[in-house]
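Inside the fold
What follows is the residue order along each chain.
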Amino acid sequence: MRLSQMLFVTLREDPAEAEIPSHKLLLRAGYFRRIASGVYAYLPLLWRVLGKVSKIVREEMDATGAQECLLPQLQPAELWQESGRWETYTKAEGIMFSLVDRREQSMGLGPTHEEVITAIARDMIRSYRQLPLHLYQLQTKFRDEIRPRFGLMRGREFIMKDGYSFHPDRESLKKTYQDMYTAYSNMLRRCGLTFRAVEADSGAIGGSGSHEFMVLAEAGEDEVLYTDDGQYAANVEKAVSLAADAVDSPFAAFTKLETPNTPTIESLAEFLKCSPTQIVKNVLYHAGYDSGVTALVLVNIRGDQEVNEVKLQNELSKLAAEYGGNTLLTLEVPDETAQKQWAAKALPLGYLSPGLSDEYIQPQAKAFAPKFLRLVDQTAVELKNFVTGSDRSGYHVVGANWGEQFELPQQVVNVRKAQAGDRAVHDPSQTLQTARGIEIGHIFQLGTKYSQALGATYTSEAGEEIPLVMGCYGVGVSRLAQAAVEQSYDKDGIIWPVAIAPYQAIVVIPNIADEQQVEAAEKLYSDLNAAGIETLLDDRNERAGVKFKDADLIGIPFRVVTGRSLKDGKVEVVQRASRASSDMLIAEVVTTLRQWIDDALDS
Ligand code: ATP
Ligand code: MG
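Residues numbered from 1 in each chain as written. Chains lettered and ligands numbered in written order. Predicted model: local features only at pLDDT ≥ 70, side-chain atom pairs only at ≥ 80, totals over all residues. Heavy atoms only, no water.

1. Structural notes on the domain arrangement of the chain
Looking at the chain, the domain boundaries give domain 1 (17-69 + 110-240 + 434-485), domain 2 (255-413) and domain 3 (503-602). Taken over C-alpha atoms, the centre of domain 2 sits 66 Å from the centre of domain 3. (Domains from an automatic or database assignment.)

Structure below.
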């Protein structure tokens, strides 16, 4: 392709809308344009990158025996009502775009396709003989994200490969899951990314099997905890660890003490000269269920620990039926305005005790459950003679014990957040390290959640009707393309991995008024393309300096310049990544580049 004929517009300055390097560079280099919040036009250079990523994704998927199809983006509400997700996905913080059509039917734009694929399986899979089966698609997904940002990283319209597998049993699912783990690792490696597969939260569905593929980069929105021995890596949402040991409490007798201005654990520990591990902290949450009921949740946890809200959500989801619902919709730490909806009198915030009376809840606050839901984290259960609030502002109690001053809540949970520095469970001599990650892929053992909800069953060899066991597997194709840049750039621009670069080589004519330069460049351009090397020709009437800057910015792996050394029958060849430059005989350019490209694609 000739630059003179392309839509080729680069910017020298960083656009104001971009915060992270990959977003800035891709905008400056003209790869995409923002049309609305989280909505982008993929311009020709980016489209080639996305094409290459898609090709690698397809090759790896096809190699596992999965079959490609294309499912509708427009989906009827009924299917989502059957699975019980319509409300969760379209109300409150739900991310599904929905609409009412001219026939007054509710529809949604697909954020994911479990419902659609399960409906197909319900219709078409009858017998164990048809199993296992795995269908996938590459498609634009729609999600009305609460915080669209960082360009293609978190869009509201983006490209995903999503696949769904159907199995007679868990064994068969595990095998496909393992194949997908390998396929995903291959995809990311072939795209030139440095990544880590980590254990991930599988939400309220439960089950053990879920991994995320994280590209490690500072701009990542996820936190990954791992050990140096390579034996453990997990998303912080899911991670487990051993909490530090608690220090024995110096408070042998139960006493109430005046502790002015100590609403935080830090200020209290300092005032009492005690360790945060001797304090029971009491955190209040609003848990909103789809039944319209909000539960007031009081979590007791050791003072040095934080609540992992994902783990707490999973616990609260299990209790939905007790509040007349099916699912948890929201979980919030209530601010003062929110508390006013139910508090009978001002709450002693910062001084709450585990015994906070249910009388704080107004009986007429009908949307709220009349009693606190009391959960105690394992870290707090073991404490003796602990310090905690007294339900009176400015006062705490010390030397308290479960079963004496405070009743131990019946529900003991594990909701503490693992943190960097904690000891690892598999080997306490290892400490957890932290890194930022961009979630590129997610593989998931779904089990029978959707097949049961939609009644998708098959007949087993023994003639029984059994719900299909399902897995699902997603990779963010457009997010992957940008993540590659986030991992590979320098002060001058993008450095594409060869496998997904929009073009592999660019021939630059420093001075298009020089006939010799033009002639040599034209010949190289056609020879390179003829040899299957995807080549650009910068034949624009621009200064040489501008052309070199642009070539660096757009990140083409190999640059060939028909400049001064032409008189010796040579051209300058520059490698974008290493900046290594050499004068090379024209006759050797095609074979050398072919070799370099093949080497890069092999590794
Ligand atoms: P996240 O936690 O980042 O919101 P998710 O867990 O909701 O993602 P999945 O439903 O697992 O995402 O989707 C599969 C893949 O699709 C993700 O691993 C990610 O690569 C990609 N993806 C998800 N949401 C977006 C988005 N808003 N923009 C671009 N890619 C996305
Ligand atoms: Mg995910």
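From this point on, the discussion continues.
2. Quick notes on the packing of helix H2 (residues 44-63) against helix H6 (residues 170-190)
Axes are the key here: two packed helices are described by the angle between their axes and the distance separating the axes. Relative to each other, H2 and H6 sit at 155°, their axes nearing to 9 Å. As judged from the angle between their axes, H2 and H6 are roughly antiparallel. In terms of crossing hand, the pair formed by H2 and H6 is right-handed. Taken together, the residues of H6 that come into contact with H2 (itself represented by Ile-56, Val-57, Glu-59, Glu-60 and Met-61) are Met-180, Ala-183, Tyr-184, Asn-186, Met-187 and Arg-190. For the contact of H2 with H6, the residue count by class is seven nonpolar, one polar and three charged. (Axes fitted to C-alpha atoms, helices over the stretch in contact; angles between N-to-C directions. Helix = DSSP H or I, 4+ residues; strand = E, 2+ residues; numbered from the N terminus. Parallel < 35°, antiparallel > 145°, perpendicular 65-115°, else oblique. Left-handed = near helix turned anticlockwise from the far one by under 90°. Contact = heavy atoms within 4.5 Å. Nonpolar A, V, L, I, M, F, W, Y, C, P; charged D, E, K, R; others polar.)

3. So, the sheet that holds strand S29 (residues 558-561)
Taken together, five strands build an open sheet; the order of strands is S28-S27-S29-S30-S31 and the sheet is mixed. What marks the edges here is a single partner per strand, and that holds for strand S28 (535-538) and strand S31 (581-585). Strand-to-strand twist in this sheet, taken as the mean axis angle between neighbours without regard to direction, amounts to 25°. Pairing of strand S27 (residues 505-508) with S28 involves four bridges; the strand directions are parallel. Across the sheet, the residue bridging to Ile-506 is Leu-536, located in S28. (Pairing = 2+ DSSP bridges.)

4. Some thoughts on the packing of aromatic side chains
Counted according to the given criterion, the structure contains eleven aromatic pairs. Taking the centre distance of 5.5 Å and the plane angle of 50° together, the rings of Tyr-184 and Phe-213 count as tilted. With a gap of 29 residues between them, Tyr-184 in helix H6 and Phe-213 in strand S10 (residues 210-216) connect regions that are remote in the sequence. Overall, Tyr-184 belongs to the buried group, its relative accessible area being 0%. Seen in terms of ring centroids, Phe-195 and Phe-213 are 6.3 Å apart; in terms of plane orientation they differ by 45°. Their pairing is tilted. Taken together, the residues Phe-195 in strand S9 (residues 195-199) and Phe-213 in strand S10 connect sequence positions 18 residues apart. Feature note: the residues Tyr-181, Tyr-184, Phe-195 and Phe-213 constitute an aromatic cluster, connected by ring pairs. Here the basic side chain of Arg-48 rests over the ring of Tyr-503, its NZ or CZ set 3.9 Å away from the ring centre. (Phe/Tyr/Trp six-rings, centres within 6.5 Å; stacked < 30°, edge-to-face > 60°. Buried < 20%, exposed > 50% of the residue type's maximum accessible area, 1.4 Å probe, protein only. Lys NZ or Arg CZ within 6 Å of the ring centre and 35° of its normal.)

5. Focus: H2
Compared with the 28 Å implied by 1.5 Å per residue over 20 residues, the 28 Å span of H2 between its first and last C-alpha is a close match. Turning to H2, its buried residues are Leu-45, Leu-46, Val-49, Leu-50, Lys-52, Val-53, Ser-54, Ile-56, Val-57, Glu-60 and Met-61. Once H2 ends, the next one or two residues include Gly-65, with phi positive near 95°. (Expected span 1.5 Å × (residues − 1).)

6. A word on the pairing of strand S24 (residues 469-476)
Across the eight residues of S24, eight count as buried, placing the element largely inside the fold. Both faces of S24 are covered, namely the face carrying Val-469, Gly-471, Tyr-473 and Val-475 and the face carrying Met-470, Cys-472, Gly-474 and Gly-476.

7. Quick word on the site of ligand 1
The local shell around ligand 1 holds 14 residues, among which Glu-145, Arg-154, Gly-155, Glu-439 and Ile-440 are the closest. Backbone polar atom of Gly-476 to an oxygen atom of ligand 1: 3.2 Å apart, as the coordinates give it. Note that an oxygen atom of ligand 1 is positioned 3.0 Å from one of the side-chain N or O atoms of Arg-479. Considered on its own, ligand 1 offers 580 Å² of accessible surface; in the complex 81% of this is hidden by protein. Mapped onto the shell around ligand 1, the elements with two or more residues apiece are strand S8 (157-167) and strand S21 (433-447). Ranked by residues supplied to the shell around ligand 1, first place goes to S21 with four residues. Each residue belonging to the shell around ligand 1 can be placed in one class, and the counts come to five nonpolar, four polar and five charged. (Near = heavy atom within 4 Å. Polar contact = N/O pair within 3.5 Å; in protein donor to acceptor, adjacent residues only side chain to side chain. Areas by Shrake-Rupley, 256 points an atom, 1.4 Å probe, with all protein chains shown as cover.)

8. Notes on the coordination of the magnesium ion (ligand 2)
Taken together, the protein donors to the magnesium ion (ligand 2) comprise Glu-439 (OE) and His-442 (ND1), at separations of 2.3 to 2.4 Å. Look at Glu-439 and you get partly exposed, because its relative accessible area is 22%. (Donors = N, O, S within 2.8 Å, 3.2 Å for Na, K, Ca; no water.)

9. Section: a negative patch on the surface
Together, Glu-93, Glu-332, Asp-335 and Glu-336 give the surface a local cluster of negative charge. Locating Glu-93 in the fold gives a position in the loop between helix H4 (86-90) and strand S5 (98-100). (Patch = residues over 30% accessible without salt bridge, like charges linked within 9 Å, V, L, I, M, F, W, Y side chains within 5 Å. Salt bridge = Lys/Arg side-chain N within 4 Å of Asp/Glu carboxyl O. Lys, Arg positive; Asp, Glu negative; His and termini not counted. Charge placed at Lys NZ, Arg CZ, Asp CG, Glu CD.)

10. Thoughts on helix H15 (residues 586-602)
Between its first and last C-alpha, H15 extends 25 Å over 17 residues, near the 24 Å set by a 1.5 Å rise per residue. Every buried residue belonging to H15 is among Val-589, Thr-592, Leu-593 and Ile-597, and all of these are buried.

11. Comments concerning the environment of Thr-535
Mapped onto the elements of the fold, Thr-535 is located in strand S28. Taking the C-alpha atoms as reference points, Thr-535 and Ile-556, 21 residues apart in sequence, are found 9.2 Å from one another. Sequence-distant contacts of Thr-535, defined by excluding residues within four places in its chain, comprise Met-1, Tyr-503, Ala-505, Val-507, Tyr-525, Leu-528 and Asn-529. From its side chain, Thr-535 meets the backbone oxygen of Ile-533 in a polar contact 2.8 Å long.

12. Considerations on the sheet that holds strand S14 (residues 280-289)
The strand order across the open sheet formed by five strands is S16-S14-S15-S17-S20, and the pairing between neighbours is mixed. Only two strands of the sheet have a single partner each, and these edge strands are strand S16 (328-332) and strand S20 (411-413). This sheet shows a mean twist of 30° between the axes of neighbouring strands, independent of strand direction. Bridge analysis of S14 against strand S15 (residues 294-302) gives nine bridges, and the strand direction is antiparallel. Bridge assignment links Gly-288 to a residue of S15, and that residue is Thr-294. Sheet contacts for helix H8 (residues 309-318): S14, S15, S16, strand S17 (373-377) and S20; angle to S16, the most-contacted strand, approximately 140°.

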